[in-house]
Amino acid sequence: MEDSASTIMEDSRVRLPALRTMADGVRYVFQPGQKEVRLGRDATAPIRIDDPRVSRDHLRLRAYASASTTHARLNLRVKDLSRHGTSLNDAPLAPKETWIDTKPTDVLRIGLATLAVEEASLSFCVSGVSDEAMLGTLAANFQTLGAAVQSNIDTHTTHLIMSSMRITHKFLCALSYGCAIVSPAWVEAAAEATRTGAPLPPIDAPGCEPVANSSSMASVNHTIRFERRRLLAGRRFCLLPGPG
């Protein structure tokens, strides 16, 4: 009975599509409503593969939910734009420039690179939320979503939850890891979607983004940009106290 209950709990977890580059083990998690992501050899590609057999703009990727996919099982969709070709499970990906549905355990091969399609369970980190009632509501919603809760951000964190945007260590880590930054309202909307069988809300839906508490924060681009992993890799952050 324990194994059966454990399986039910595991199956009830909301999951997001992910792509892992097998050479370095880096995992990219795709969010509902996230814009399509470029993969290629170009230096500005969010997911870059430095291989002459890879086109500059080789693949486009995005999360999707089809008629046969529940809200809890968003999948990854890919589109080949290359001259060099892509294989999916050792078969050519065709036709060109058409969105192709993938599923977890699928394997993409691009040039010499191998990429595994995976699923990522939700893993949340909370920053700057001190209201006890809100924390209690978040805890209940975490349970509905089957989400893990972390005290610090790492490569497994899928969302940083903030009521208002502030430059903190967690905020900078979220930017560098390509982690979604959302408000408690997104967690509430996601939990309600899970209860009713509706699609997960986009991470940039109205009211689902943290409020900018200053004019300087309003100009900060906190959208997911996977290329930040390369730009910030190996760097150390030092937060200095502000005036006063």
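Data block above holds the structure.
Here's what I pulled together on the structure shown here.

The rules behind these values
- Residue numbers restart at each chain and count upward from 1, following the sequence in its written direction.
- A pLDDT threshold of at least 70 governs which residues receive local features in this predicted model, and a stricter bar of 80 or more applies before side-chain atom pairs are shown or counted, although totals over entire chains, interfaces and linings include all residues.
- Each side-chain value is worked out from all heavy atoms of the structure, with water and hydrogens disregarded.
- For salt bridges, the criterion is a side-chain nitrogen of Lys or Arg within 4 Å of an Asp or Glu carboxyl oxygen.
- Starting at the N terminus, helices and strands are each numbered in turn, a helix being any DSSP run of H or I of at least four residues and a strand any DSSP run of E of at least two.
- Only protein chains enter the accessibility calculation, which uses a 1.4 Å probe; a residue whose area is less than 20% of its type maximum is buried, one above 50% is exposed, and one in between is partly exposed.
- Only strands that DSSP links by at least two bridges are regarded as paired with each other.
- For Phe, Tyr and Trp, where Trp contributes only its six-membered ring, two rings pair if their centres lie within 6.5 Å, and the inter-plane angle classes them as stacked under 30 degrees, edge-to-face over 60, or tilted in between.
- Only Lys NZ and Arg CZ are tested; either one counts as a charge over a ring when it is within 6 Å of the ring centre and within 35 degrees of the ring normal.
- Expected helix span is taken as 1.5 Å per residue step, with the number of steps being one fewer than the number of residues.
- Here, two residues are considered to be in contact whenever any of their heavy atoms come within 4.5 Å of each other.

## Comments concerning the pattern of salt bridges
Link 1 in the chain: Scanning the model with the defined rule gives 12 salt bridges in all.
Link 2 in the chain: One salt bridge in this structure joins Glu-36 and Arg-60, with 2.8 Å as the shortest N-O distance. Here the residue Glu-36 occupies a position in the loop between strand S2 (26–29) and strand S3 (37–40), and Arg-60 occupies one in strand S5 (residues 59–64), the gap between them amounting to 24 residues.
Link 3 in the chain: Note that Asp-57 and Arg-60 form a salt bridge whose closest N and O atoms lie 2.7 Å from each other.
Link 4 in the chain: The partly exposed category is assigned to Asp-57, whose relative accessible area is 26%.

## So, the pairing of S2
Link 1 in the chain: Bridge analysis of strand S1 (residues 15–21) against S2 gives 4 bridges, and the strand direction is antiparallel. Within the sheet, the bridge partner assigned to Thr-21 lies in S2 and is Val-26.

## Some words on the packing of aromatic side chains
Link 1 in the chain: Counting across every chain of the model gives 3 aromatic pairs.
Link 2 in the chain: Between Tyr-28 and Phe-226, the ring centres sit 5.1 Å apart and the planes meet at 65°, which makes this aromatic pair edge-to-face. Of this pair, Tyr-28 sits in strand S2 while Phe-226 is found in the loop between helix H5 (215–218) and helix H6 (228–232), placing the two residues 198 residues apart along the sequence. Here Tyr-28 matches Phe-226 in class, with each residue buried.
Link 3 in the chain: Relative to Phe-226, the ring of Phe-30 has its centre 5.6 Å away and its plane inclined at 80°; by these criteria the two rings are edge-to-face. Taken as a pair, Phe-30 in the loop between S2 and S3 and Phe-226 in the loop between H5 and H6 lie far apart in primary sequence, 196 residues in all.
Link 4 in the chain: Above the face of the Trp-99 ring, Arg-62 is positioned so that its terminal group lies 4.1 Å from the ring centre.
Link 5 in the chain: For the cation-ring pair, Arg-77 lies above Tyr-64, with the distance from its terminal atom to the ring centre recorded as 4.2 Å.

## Digging into unusual backbone geometry
Link 1 in the chain: Backbone geometry at Asn-89 places phi at a positive 55°, although glycine is not the residue there.
Link 2 in the chain: With respect to the helices and strands, the residue Asn-89 is situated in the loop between strand S7 (87–88) and strand S8 (91–92).
Link 3 in the chain: Despite not being glycine, Thr-105 has its phi angle at roughly 85°, a positive value.
Link 4 in the chain: Mapping Thr-105 onto the fold places it in the loop between strand S9 (100–101) and strand S10 (107–110).

## What about the sheet that holds S7?
Link 1 in the chain: Here 6 strands make up an open sheet; going across it, the order is S2-S1-S11-S10-S7-S8 and the pairing antiparallel. The open sheet is flanked by S2 and S8, the only strands paired with a single partner.
Link 2 in the chain: Pairing of S7 with S10, which is carried by 2 bridges, proceeds in the antiparallel orientation. What sits directly across from Ser-87, in S10, is Arg-109.

## What about helix H4 (residues 184–196)?
Link 1 in the chain: The terminal C-alpha atoms of H4 lie 19 Å apart, and with 13 residues this matches the ideal 18 Å at 1.5 Å per residue to within 8%.
Link 2 in the chain: Burial in H4 covers these residues: Pro-184, Trp-186, Val-187, Ala-190, Ala-191, Ala-193 and Thr-194.
Link 3 in the chain: For H4, the secondary structure elements touched by its buried residues are strand S12 (123–126), helix H2 (132–145), strand S14 (159–161) and strand S16 (180–182).
Link 4 in the chain: Gly-197, located one to two residues past H4, shows a positive phi value of around 80°.

## Re the environment of Leu-16
Link 1 in the chain: Tracing the sequence through the fold places Leu-16 in strand S1.
Link 2 in the chain: Measuring from C-alpha to C-alpha, the distance between Leu-16 and Glu-119 comes to 5.6 Å, with 103 residues separating the pair along the chain.
Link 3 in the chain: Filtering out sequence-adjacent residues up to four positions away, Leu-16 remains in contact with Val-29, Phe-30, Gln-31, Pro-32, Leu-74, Glu-118, Glu-119, Ala-120, Leu-122, His-159 and Leu-200.

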